[in-house]
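# Tertiary structure, described
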Amino acid sequence: MDQDSWDALDHFFCEQLLPVDLALDAALESSAEAGLRSINVSPNQGRFLNLLAKIHGARRVLEIGTLGGYSAIWMARALPSSGTLVSLEIDLLNAEVARANLARAGVASIASVLVGPAIESLKGLIDKRAEPFDMVFIDADKKSYPDYLRLTLQLLRPGGIIVADNVARGGRVADPRNHEDDVVGLRQFLRMLASDTRLSTTAMQTVGSKGWDGFSLTRLSTE
Ligand code: SAH
Ligand code: DHB
Ligand code: MG
């Protein structure tokens with residue numbers, strides 16, 4: 001199997017299963033026009049996040065890494081009108097593109113973007129005793145996932161879930177000879193998940209339009 005086959009099947013699933021959503025299409029178009037990198041979740045992954053939030057009955061979602069707001073729209077679409085999505089983004093241009101995309105998708109009243117380094121924004125949320133989140137999606141710089149996990153655990157309700165994107169990176173995460181910052185960070189992130197007895201975690205490798213990668217899914221116990 002190769003990238004062309006993965007693309008073809010991902011596209012097939014997309015065509016078969018996903019409704020046309022002009023606001024999601026427009027979010028990708030405006031992101032491309034503004035020169036943002038196209039590293040957003042794929043449409044099928046977006047639906048996966050949307051379904052997880054729905055199945056979990058999430059009311060409050062925290063996202064780390066907004067880009068143009070594509071995954072944020074998918075998750076915001078799963079929330080009740082009284083719900084809240086907070087997304088953290090370091091780059092002001094990305095945040096502005098995302099805000100326009102969230103507004104076009106009709107979710108601006110529940111979804112907001114906090115601009116700044118995510119570690120600072122997370123500390124800010126902790127300091128102001130933000131209401132706990134039901135679900136956190138970690139998708140910013142991979143080297144900082146250990147910090148994001150440590151801080152996220154102070155913002156997640158018991159029974160809450162954490163989804164982290166890009167935990168496989170073409171298999172490099174399992175290669176002990178690889179010492180790239182991102183890979184080292186991801187490996188430490190997985191070790192932290194494994195060693196915290198309050199957490200249950202799985203990691204799934206995926207192939208598709210974004211190559212060979214994967215995500216982890218974690219639940220914080222209620223005890
Ligand atoms: N979740 C998005 C994709 C996010 S890409 C989607 O699927 O649509 C990763 C994003 O994280 C980029 O926009 C990047 O600017 C942002 N980022 C990188 N380092 C960051 C940091 N230290 N703090 C906050 N955001 C960061
Ligand atoms: C990259 C980042 C991502 O979050 C992703 O899903 C794919 C690629 C990157 O920085 O290369
Ligand atoms: Mg990602």
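I will try to describe carefully the structure that is included in this document. (Residues numbered from 1 in each chain as written. Chains lettered and ligands numbered in written order. Predicted model: local features only at pLDDT ≥ 70, side-chain atom pairs only at ≥ 80, totals over all residues. Heavy atoms only, no water.)

## As for the overall build of the protein chain
Put simply, the test is: In DSSP terms, a helix is any run of H or I states spanning at least four residues, a strand is any run of E spanning at least two, and both are numbered starting from the N terminus. It is over C-alpha atoms that the radius of gyration is taken, and the globule rule equals 2.2 Å times the number of residues to the power 0.38. Working definition: with a 1.4 Å probe on protein chains only, accessible area under 20% of the residue-type maximum means buried, over 50% means exposed, and in between means partly exposed. Only heavy atoms matter for contacts: two residues are in contact if any of them lie within 4.5 Å across the pair. Accessible areas in this description were obtained via Shrake-Rupley with a 1.4 Å probe; residue shielding takes into account the shown protein chains only. A residue counts as positive if it is Lys or Arg and as negative if it is Asp or Glu; His and the chain ends are not included. Every charge is mapped to an atom, namely NZ of Lys, CZ of Arg, CG of Asp or CD of Glu.
Broken down by element type, the protein chain carries 8 helices and 7 strands. Taking 2.2 N^0.38 as the reference for a compact globule, 223 residues should give roughly 17 Å; the C-alpha atoms of the protein chain span a radius of gyration of 17 Å, in line with that estimate. Projected onto the principal axes, the alpha-carbon positions of the protein chain cover approximately 45 × 40 × 30 Å. By the burial criterion, 50% of the 223 residues in the protein chain qualify as buried. Long-range pairs, those at least 24 residues apart, make up 72% of the contacts in the protein chain with a sequence separation of at least 6. Carbon and sulfur atoms make up 55% of the accessible area of the protein chain, which amounts to about 11,000 Å² in all. Taken together, the 23 basic and 28 acidic charged side chains of the protein chain have centroids lying 7 Å from each other.

## Description of the site of ligand 1
To be explicit about the condition: Whether a residue is near a molecule or strand depends on its heavy atoms: if one lies within 4 Å, it is near. Polar contacts here mean pairs of N or O atoms no more than 3.5 Å apart (in protein, one a potential hydrogen donor and the other a potential acceptor; neighbouring residues in sequence count only if both atoms are side-chain atoms). Just so you know the grouping, Ala, Val, Leu, Ile, Met, Phe, Trp, Tyr, Cys and Pro go in nonpolar, Asp, Glu, Lys and Arg go in charged, and all remaining residues, Gly too, go in polar.
Not every one of the 20 residues close to ligand 1 is listed here, only the nearest: V41, G65, S71, E89 and D139. G65 is positioned with one of its backbone polar atoms (N or O) 2.8 Å from a nitrogen atom of ligand 1. At 2.8 Å from a nitrogen atom of ligand 1 is found a side-chain nitrogen or oxygen belonging to S71. Tallied by class, the residues present in the shell around ligand 1 amount to 10 nonpolar, 6 polar and 4 charged.

## Brief notes about the packing of helix α2 (residues 22–33) against helix α5 (residues 92–104)
Convention followed: Under this scheme, a helix contributes an axis fitted over its contacting stretch, all axes are lines through C-alpha atoms, and angles between N-to-C directions fall in the 0 to 180 degree range. Throughout, the term roughly parallel applies to angles under 35 degrees, roughly antiparallel to angles over 145, roughly perpendicular to angles from 65 to 115, and oblique to all others. If you view the pair so one helix is near and one far, a crossing is left-handed when the near helix is turned anticlockwise from the far one by less than a right angle, and right-handed when it is turned clockwise.
Two numbers describe how α2 lies on α5: the axes approach to 9 Å, and their chain directions differ by 160°. The orientation of α2 with respect to α5, classified from their angle, is roughly antiparallel. When the axes of α2 and α5 are compared, the crossing they make is right-handed. Here α2 contributes A23, A26, A27, S30 and S31 to the contact with α5, which in turn contributes V97, N101 and R104.

## Structural notes on the site of ligand 2
If you check the shell around ligand 2, you find R37, I39, D139, K142, D165, N166, R169 and K210 and nothing else. R37 places a polar side-chain atom, nitrogen or oxygen, 3.1 Å from an oxygen atom of ligand 2. Between ligand 2 and the protein, one listed contact pairs an oxygen atom with a side-chain N or O atom of K210 at 2.5 Å. About the coverage of ligand 2: the protein hides 78% of its 290 Å² of free accessible area. Here the residues of the shell around ligand 2 sort into 1 nonpolar, 1 polar and 6 charged.

## With respect to the sheet that holds strand β1 (residues 60–64)
Picture the strands of a sheet paired through backbone hydrogen bonds; they go either parallel or antiparallel. As a reminder, the rule being used: We treat two strands as partners when DSSP finds at least two bridges between them.
Read across the open sheet, the 7 strands follow the order β3-β2-β1-β4-β5-β7-β6; overall the sheet is mixed. Since the sheet does not close on itself, it has two edges, and those belong to β3 (111–115) and β6 (199–208), each with one partner. Averaged over all neighbouring strand pairs, the angle between strand axes comes to 15°, with direction disregarded. Strand direction decides the pairing type here: β6 and strand β7 (residues 211–220), joined by 10 bridges, are antiparallel. In the strand pairing of β7, M204 is matched with F215.

## Considering the pairing of strand β5 (residues 156–165)
Side-chain positions along a regular strand alternate between the two faces of the sheet. Quick note on the threshold: By convention, a crossover is right-handed whenever its connection, traced from the first strand over the helix to the second and viewed with the strands pointing away, goes clockwise.
Across the 10 residues of β5, 8 count as buried, placing the element largely inside the fold. Note: strand β4 (residues 133–138) against β5, 5 bridges, orientation parallel. Across the sheet, the residue bridging to M135 is I161, located in β5. Note that the unit made of β4, helix α7 (residues 145–152) and β5 has a crossover that is right-handed. Pairing analysis gives 5 bridges linking β5 to β7, with the strands arranged antiparallel. When the sheet's bridge partners are listed, A164 is paired in β7 with S216.

## Here we look at the packing of helix α6 (residues 118–127) against α7
Put simply, α6 and α7 touch, their axes get as near as 10 Å, and they point 5° apart. Regarding the angle of α6 to α7, the classification is roughly parallel. Taking contact as the criterion, the partners of A118, I119, L122, K123 and I126 in α6 are, on α7, D147, Y148 and L151. By residue class, the composition of the contact of α6 with α7 is 6 nonpolar, no polar and 2 charged.

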